[in-house]
Amino acid sequence: MSLLVVNGLTKRFGGLRAVADLSFAVEPGTIVGMIGPNGAGKTTTFSLISGFQQPTAGDVVFKGERITGQTPDAICLRGLTRTFQIMQSFPKLTALHNVMIGAYARHSSVAAARRHASDIMDRLGMAGRHDELARNLTLADLKRLELAKALATGPELLLLDEVVSGLTPTEVEEMVGMVRKIRADGITIVMIEHVMQAVMALSDLIVVLHHGEKIFEGVPQAAAKDPRVVEAYLGEEMMIA
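All values reported here derive from a predicted model rather than from experimental measurement. Within any chain, residue numbers begin from 1 and follow the written order of that chain's sequence. Only residues with pLDDT of at least 70 are given local features in this predicted model, and only at 80 or more are side-chain atom pairs given and counted; all residues enter the totals for whole chains, interfaces and linings. Calculated side-chain values reflect all of the structure's heavy atoms, with hydrogen atoms and water omitted.

Some words on the overall build of the protein
Stated precisely, the cut-off is as follows: Strands here are runs of E lasting at least two residues and helices are runs of H or I lasting at least four, both read from the DSSP assignment and numbered beginning at the N terminus. We compute the radius of gyration over the C-alpha atoms and compare it with the globule rule, which gives 2.2 Å times the number of residues raised to the power 0.38. Accessible surface area values rest on a Shrake-Rupley calculation with a 1.4 Å probe, where residue burial reflects the displayed protein chains alone. In this charge count, Lys and Arg are treated as positive and Asp and Glu as negative; neither His nor the chain ends contribute. Taken as the charge location is NZ of Lys, CZ of Arg, CG of Asp or CD of Glu.
When helices and strands are tallied, the protein shows ten helices and ten strands. Since a compact globule built from 241 residues should have a radius of gyration of about 18 Å, the 18 Å found for the protein is in line with a globular shape. For the C-alpha atoms alone, the extent of the protein along its principal axes is close to 50 × 40 × 35 Å. Carbon and sulfur atoms provide 53% of the accessible area of the protein, an area that totals close to 10,800 Å². In the protein, 24 side chains carry a positive charge and 26 a negative one; their mean positions are 5 Å apart.

Here is the structure:
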C-alpha cells in the first residue's frame, strides 16, 4: 500500500488555480522530488497535504486513511510533518528549546523531550549549538534546525521544502548526506528543491509541476531528457549535461 496518495488535488484562489487536478503516490521508504518553476504550485501542494490549507477539490490519503480537511496538528500526530521554505524558528529561544517544542508531540515530560531533541540535534551535526539562540545561527544551521524540529515530531513521512537552497556546495553535500541518513532510518521523504544536484542525487521519483499541473512523473534520468520538463524548467543546459 502506498504511504501517501494524492488524488485530483485542486486549489483555487479566486480565479487562479494554484494546483490543478494533481495526482501522485509516494511509496514507503522512497524519496520523491517535486520540482518546477517558481509559482508552479509546489509549496501550495505541501500546504494542502499537511493541512495548512484546505483543497477546493480532491483527496489526500495517508496510511490508508483520508486526512483531507484535518488540522496540521492532527496530521502531524498521524506521522506526517513538513518543513518550511521560510524557516519558522523561535528566534529568542535556544536551538535546543526550538527542537524540544517538536519533541512534545511524542514526549509528555520535559526530560524526555530534552533527550529526544538533543539526540536529533547531535545526529544532524548540531552538538555544539544546543544553547545558541536561534536568531544567532547561520543559514546552514537554521536549515538544520528546521529539519531537526520536524524530525522531533517522529514523522513517517517528511515533506522538505527547499532545505538545500541557498547553501554553499560543501553545505549542499552535507545536507544531501543527512537526507540519505534520514531515509536510511526508515522515514519516507517528499522534497521540493531547486538545486538539481541534490534532486537528481536523492530522488527515486520526480514529479514536475507547471502552472499547478503535473507535466511529468518518472525517474530522474527521464525527467532530465523530457522535452516538456526542459522547456518548462530545466533548460537546455541541463538536458545536455
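Topic: the environment of Leu142
Note the threshold: Burial classification: accessible surface area is computed with a 1.4 Å probe over protein chains only, and a residue below 20% of its type maximum counts as buried, one above 50% as exposed, and the rest as partly exposed. Throughout, a contact is declared for two residues whenever any of their heavy atoms are within 4.5 Å.
Checked against the element boundaries, Leu142 lands in helix H5 (residues 139-152). Judged by relative accessible area, which is 18%, Leu142 ranks as buried. The spatial distance from the C-alpha of Leu142 to the C-alpha of Gln88 is 9.2 Å, given a sequence separation of 54 residues. In contact with Leu142, other than residues within four places in its own chain, are Met87, Ser89, Ala134 and Leu137.

Things to note about the sheet that holds strand S3 (residues 31-35)
The line we're drawing: A pair of strands counts as paired when DSSP detects no fewer than two bridges linking them. Helix axes are fitted to C-alpha atoms over the stretch in contact, other axes to C-alpha atoms as well, and angles between N-to-C directions run from 0 to 180 degrees.
The six strands are arranged S6-S7-S8-S3-S9-S10 in an open sheet whose pairing can be described as mixed. In this open sheet, the two edge strands, each paired with only one partner strand, are strand S6 (80-82) and strand S10 (213-218). Each strand axis lies, on average, 15° off the axis of its neighbour in the sheet, ignoring direction. Two elements, S3 and strand S9 (residues 205-210), share four bridges in a ladder whose sense is parallel. Residue pairing in the sheet places Val32 in a bridge with Leu205 of S9.

Some remarks on the nonpolar core
Soluble, globular proteins show a tendency: their nonpolar side chains are buried together. Our working definition: What is meant by a nonpolar core is a set of buried Ala, Val, Leu, Ile, Met, Phe, Trp, Tyr and Cys residues, joined one to another through side-chain atoms within 4.5 Å.
Within the largest apolar cluster, 38 residues are counted, with the highest numbers of intra-cluster contacts made by Leu145, Leu147, Leu151, Leu158, Leu160, Met175 and Ile189. At the level of elements, helix H3 (95-103), helix H4 (110-123), H5, strand S7 (157-161), helix H6 (169-184), strand S8 (188-192) and helix H7 (196-202) are the ones that each hand at least two residues to this core. Broken down by element, this core gets its largest block of residues, eight residues, from H5. Not counting residues within four places of it along the chain, the set of residues in contact with Met175 comprises Lys143, Arg144, Leu147, Val163, Val164 and Leu167.

What to know about the pattern of salt bridges
For clarity, the cut-off: In the sections that follow, a salt bridge refers to a side-chain nitrogen of Lys or Arg positioned within 4 Å of a carboxyl oxygen of Asp or Glu.
Following the criterion strictly, the structure yields 13 salt bridges and no others. Between Lys149 and Glu146 there is a salt bridge whose closest N-O contact spans 3.4 Å. Of the two residues, Lys149 and Glu146 are both situated in helix H5; the distance of three residues between them amounts to about one turn of the helix. A relative accessible area of 6% means that Glu146 is categorised as buried. Across the pair Arg183 and Asp204 runs a salt bridge, and its minimum N-O distance is 2.8 Å. In this pair, Arg183 sits in helix H6 while Asp204 sits in the loop between H7 and S9, placing the two residues 21 residues apart along the sequence. Where salt bridges share partners, they join Asp119, Arg123 and Asp185 into one cluster.

Comments concerning the sheet that holds strand S5 (residues 65-66)
In space, the four strands of this open sheet follow the order S2-S1-S4-S5, with antiparallel pairing throughout. The open sheet is flanked by strand S2 (16-26) and S5, the only strands paired with a single partner. Taken together, the five bridges between strand S1 (residues 4-13) and strand S4 (residues 57-62) define a ladder with antiparallel strand orientation. Counterpart to Val5 in the pairing with S4 is Val61. Helix H1 (residues 42-50) contacts S1, S2 and S4 of the sheet and is inclined by roughly 65° relative to S2.

By themselves, these figures tell us nothing about what the structure is for.
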